[in-house]
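Notes for the structure review
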Amino acid sequence: MPTVSISGTDKVFHVSENSILYNALADQGLDLPHGCLAGSCGACRMDVVKGSENLAPASAIEKNTLEAIASELTSSEGAEKVSQMNLRLSCRAKVLGDVEIKPLGRLNF
Ligand code: FES
């Protein structure tokens, strides 16, 4: 069973393989930052700190939203910092193996 760790915390969640990351953590009581839950608003953006290869490839809608987020972040954070990130959307990312994530929205814990 894959694990999802929250970077900078001691929180580790065991999730079912092929589950959507946001849903799997919500089922266990962690409400990650989110909005539409449909892949278009970008509120659930996260940096996959470790194990980005353990998420299924992004769909077309996720890729489009991620491109917009990367462009926005490049303006505010700089291109070098953004190039070091593995941006994904927690409401779209399907978990295949262990990952460590850093949600880029505000967490309430
Ligand atoms: S919650 Fe809107 S893109 Fe994930």
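Given the structure is predicted, the values throughout are model-derived calculations rather than measurements.

Helices and strands together make up the secondary structure of the protein, namely three helices and five strands. Starting at the N terminus and walking to the C terminus, you meet the elements of the protein as β-β-α-β-α-α-β-β. Computed over the C-alpha atoms, the radius of gyration of the protein is 13 Å, within 12% of the 13 Å expected from 2.2 N^0.38 for a compact globule of 109 residues. Based on the C-alpha atoms only, the size of the protein along its principal axes is roughly 35 × 30 × 25 Å. Considering the protein as a whole, with its 109 residues, one finds that 27% of them fall into the buried category.

Further remarks concern the pairing of strand E1 (residues 3–6). Residues of E1 alternate between two faces, with Val-4 and Ile-6 buried on one and Thr-3 and Ser-5 left unburied on the opposite face. The sheet contact formed by E1 and strand E2 (residues 12–14) spans three bridges and is antiparallel. Residue Thr-3 lies in a different strand from E2, and its bridge partner there is His-14. Between E1 and E2, which follow one another and run antiparallel, lie five residues, and Gly-8 among them has a positive phi close to 80°.

The rules we used
- Residues numbered from 1 in each chain as written.
- Predicted model: local features only at pLDDT ≥ 70, side-chain atom pairs only at ≥ 80, totals over all residues.
- Helix = DSSP H or I, 4+ residues; strand = E, 2+ residues; numbered from the N terminus.
- Rg over C-alpha atoms; globule rule 2.2 N^0.38 Å.
- Buried ≥ 20, exposed ≤ 12 C-beta atoms within 10 Å, placed from the backbone.
- Pairing = 2+ DSSP bridges.

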